[in-house]
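As a plain string of letters, each chain reads:
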Amino acid sequence: MHLEIIPVTAFQQNCSLIWDEQKNAAIIDPGGESEKLIRRIEELELNLTAILLTHGHLDHVGAAPKLKAHFGVEIIGPHIADDFWFEGLPLQARKFGLFEIEAFEPDRWLPAQGETLNIASFNFEVLHLPGHTPGHIGFIEHQHNIAFTGDVLFHGGVGRTDFPRSNHQDLLTTIREKLYPLNDDMVIIAGHGPYTTIGAEKQHNPFVKG
Ligand SMILES: [Zn+2]
Ligand SMILES: [Zn+2]
């Protein structure tokens, strides 16, 4: 798997661009700066096949409609419990002082369990990871030992739960019961900041002990 992390917006959100040997690609959490992302995808001569979203916060979804329009691909995820965040995108934009955006919906919401996404030559297990937002989703690629988990677990930290319909107890349960059982070497690409591994967080994370 080829991976390039492209920080976007004033929130330095980690947008992940991944592709295989055939140059089939997916982009995860394109939160803004659509021109920069389009330019990079074209520079690398990638065939973008899907846009994946972990949750409905503006800095994770903001460039999705423009990428969809440009490349003609579907927006997939998160879980429908985040629909109020998508409806509230214009308000989020005003609140955060970011670019203006119209409300949109993904082409496909993801179920709470049992879904595997086959995209490019990757197989993503879809995990429902509520807490930071109620419809938060993680994309786990077991064969390549890498997980894209948005704003749930950070290097030495956990996601904020001071938003409407956030739930701190759910977040802790999500981390303990869904992420920590993954293998210790699993690389976690978090929504912000450096990457980490499950093993490192189980040992050192001050908020959730393994
Ligand atoms: Zn978030
Ligand atoms: Zn974020």
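Residues numbered from 1 in each chain as written. Chains lettered and ligands numbered in written order. Predicted model: local features only at pLDDT ≥ 70, side-chain atom pairs only at ≥ 80, totals over all residues. Heavy atoms only, no water.

- Per an unreviewed UniProt entry, the protein chain is named MBL fold metallo-hydrolase, and its organism is Conservatibacter flavescens.
- The Cofactor (unreviewed entry) comment attached to the protein chain in UniProt states, word for word, "Zn(2+)". (UniProt positions renumbered as here; feature names shortened; annotations may be inferred.)

### Some thoughts on unusual backbone geometry
Here comes step 1: The linkage connecting G77 with the following residue, P78, adopts the cis geometry, with an omega of 0 degrees.
Here comes step 2: For P78, the location among the structural elements is in the loop between β5 (75-76) and α4 (83-87).
Here comes step 3: Positive phi values are uncommon outside glycine, yet K23 reaches one of about 70 degrees.
Here comes step 4: Given a relative accessible area of 33%, K23 falls into the partly exposed group. (Helix = DSSP H or I, 4+ residues; strand = E, 2+ residues; numbered from the N terminus. Buried < 20%, exposed > 50% of the residue type's maximum accessible area, 1.4 Å probe, protein only.)

### Observations regarding the coordination of the zinc ion (ligand 1)
Here comes step 1: For the zinc ion (ligand 1), the full set of protein donor atoms is H55 (NE2), H57 (ND1), H132 (NE2) and D151 (OD), and the range of their distances to it is 2.1 to 2.3 Å.
Here comes step 2: One can describe the site at the zinc ion (ligand 1) as irregular: its 4 donor atoms subtend angles covering 93 to 165 degrees at the metal.
Here comes step 3: One chain supplies every donor for the zinc ion (ligand 1), spaced along it as H-x1-H-x74-H-x18-D.
Here comes step 4: The distance between the zinc ion (ligand 1) and the zinc ion (ligand 2) comes to 3.4 Å, with D151 serving as a donor to both metals.
Here comes step 5: With a relative accessible area of 4%, H57 lands in the buried category. (Donors = N, O, S within 2.8 Å, 3.2 Å for Na, K, Ca; no water. Tetrahedral: all angles 85-135°; square planar, octahedral: opposite > 155°, others 65-115°.)

### As for the UniProt feature "domain: Metallo-beta-lactamase" (unreviewed entry) in the protein chain
Here comes step 1: Under the UniProt annotation, "domain: Metallo-beta-lactamase" (unreviewed entry) lies at residues 12-192.
Here comes step 2: Across residues 12-192, helical content stands at 26% and strand content at 25%; the span's end C-alpha atoms are separated by 6 Å.

### Here's the deal with the sheet that holds strand β3 (residues 24-28)
Here comes step 1: Strand order in the open sheet formed by 5 strands is β1-β2-β3-β4-β5, with mixed pairing between adjacent strands. Of all strands in the sheet, those bounded by a partner on one side alone are β1 (2-8) and β5.
Here comes step 2: Pairing between β3 and strand β4 (residues 47-52): 5 bridges, direction parallel. Counted as the bridge partner of A25 is L48 from β4.
Here comes step 3: Strands β1, β2 (13-19), β3 and β4 of the sheet are contacted by helix α1 (residues 34-43), whose axis makes an angle of about 160 degrees with β1.
Here comes step 4: Contacts between helix α3 (residues 64-71) and the sheet are confined to β3, β4 and β5, with β4 contributing the most and set at about 150 degrees to the helix. (Pairing = 2+ DSSP bridges. Contact = heavy atoms within 4.5 Å. Axes fitted to C-alpha atoms, helices over the stretch in contact; angles between N-to-C directions.)

### Considering the side chain of S34
Here comes step 1: With respect to the element layout, S34 can be found in helix α1.
Here comes step 2: Residue classification places S34 among the buried positions, given a relative accessible area of 7%.

### Some thoughts on the pairing of β4
Here comes step 1: Note on the crossover from β3 through α1 to β4: the handedness is right-handed.
Here comes step 2: Both β4 and β5 contribute to a ladder of 2 bridges, which runs parallel. Note that in β5 the partner of I51 across the bridge is I75. (Right-handed = clockwise from strand over helix to strand, strands pointing away.)

### What about the coordination of the zinc ion (ligand 2)?
Put simply, a metal with four donors set out as a tetrahedron has ideal angles of 109.5 degrees, and one with six donors set out as an octahedron has ideal angles of 90 or 180 degrees.
Here comes step 1: Bound to the zinc ion (ligand 2) on the protein side are H60 (NE2), D151 (OD) and H192 (NE2), at distances that span 2.0 to 2.1 Å.
Here comes step 2: Along the chain, the residues donating to the zinc ion (ligand 2) fall in the pattern H-x90-D-x40-H.

### Some words on the packing of aromatic side chains
Here comes step 1: Applying the stated rule across the entire model yields 8 aromatic pairs.
Here comes step 2: Their ring planes at 80 degrees and their centres at 6.2 Å tell us that F124 and F139 sit as a pair that is edge-to-face. With F124 in strand β7 (residues 122-128) and F139 in strand β8 (residues 137-141), the pair connects residues that are 15 residues apart, well separated along the chain.
Here comes step 3: You can call F124 buried: its relative accessible area is 0%.
Here comes step 4: F139 sits in the buried class, given a relative accessible area of 0%.
Here comes step 5: When the ring of F124 is compared with that of F148, the centres are 6.4 Å apart and the planes differ by 70 degrees; the resulting orientation is edge-to-face. (Phe/Tyr/Trp six-rings, centres within 6.5 Å; stacked < 30°, edge-to-face > 60°.)

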